[in-house]
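Structural features, examined
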Amino acid sequence: PGWAACWGGGARWRGARWGAPPHETTAAYLDVSIQRCRSVIVAAPVGIVLYLAGLAGTLMWKQRLLGMDWDQMLGAPAIIIAGWIGAPLYSLCMLWNAQRQRRRLAVLVDLKRQLSES
């Protein structure tokens, strides 16, 4: 199924990006760290969109297949936790982490620049 292909492709992509650098040099380790930061920064909005898409899909599935009305669904404890509390909390945490990685990326890029100058 599709999830297996996504997982397998992601594992292959992560292996190239998240593994050990090809050379045992400081510059190579900085390159891997910079790639990791950029990956996390890009993943934040993608993760938020996927979370919201999954939540919307769950709501539509319950409404169409189980015949639940919207008032009943939106007031259900699981939806209150996952939707009303979980979605904003998850989004804030992902955006906070992306901002933290942007600061880290700036430091790493500066270190790489200093290394190339010396």
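All residue numbers refer to positions counted from 1 along the written sequence of the respective chain. The predicted origin of the model limits local features to residues at a pLDDT of at least 70 and limits the giving and counting of side-chain atom pairs to 80 or more, whereas totals for whole chains, interfaces and linings rest on all residues. Excluded from the side-chain calculations are hydrogens and water; all other atoms, namely the structure's heavy atoms, are used.

The subject of this paragraph is a nonpolar patch on the surface. On the surface, Met 60, Trp 70, Leu 74, Ile 80, Trp 84, Ile 85 and Leu 89 cluster together into a nonpolar patch covering about 690 Å² of accessible area. To qualify as a helix, a DSSP run of H or I must reach at least 4 residues; to qualify as a strand, a run of E must reach at least 2; elements of each kind are numbered from the N terminus. Here the nonpolar patch takes four residues from helix H4 (residues 77-117), the largest share from any one element. Checked against the element boundaries, Trp 84 lands in helix H4. Working definition: with a 1.4 Å probe on protein chains only, accessible area under 20% of the residue-type maximum means buried, over 50% means exposed, and in between means partly exposed. Here Trp 84 falls in the exposed class, since its relative accessible area comes to 54%. Any residue with relative accessible area above 30% and no salt bridge may belong to a patch, with like charges joined within 9 Å and the nonpolar Val, Leu, Ile, Met, Phe, Trp and Tyr side chains within 5 Å. What sets the accessible areas is the Shrake-Rupley method with a 1.4 Å probe; for residues, cover comes only from the shown protein chains. In what follows, salt bridge is the name for a side-chain nitrogen of Lys or Arg lying within 4 Å of a carboxyl oxygen of Asp or Glu.

A separate point is the packing of helix H2 (residues 26-65) against H4. Contact geometry for H2 and H4: axes closest at 9 Å, N-to-C directions at 165°. One finds that H2 runs roughly antiparallel with respect to H4. Note that H2 runs across H4; the crossing there is left-handed. Only Asp, Glu, Lys and Arg are considered charged, only Ala, Val, Leu, Ile, Met, Phe, Trp, Tyr, Cys and Pro nonpolar, and every remaining residue, Gly among them, polar. Partitioning the contact of H2 with H4 into residue classes produces 25 nonpolar, eight polar and five charged. To get an axis, fit a line to the C-alpha atoms, keeping to the stretch in contact for a helix; angles then go from 0 to 180 degrees between the N-to-C directions. Roughly parallel here means an angle under 35 degrees, roughly antiparallel means over 145, roughly perpendicular means 65 to 115, and every remaining angle is called oblique. We call a crossing left-handed when the near helix sits turned anticlockwise from the far one by less than a right angle, and right-handed when that turn is clockwise.

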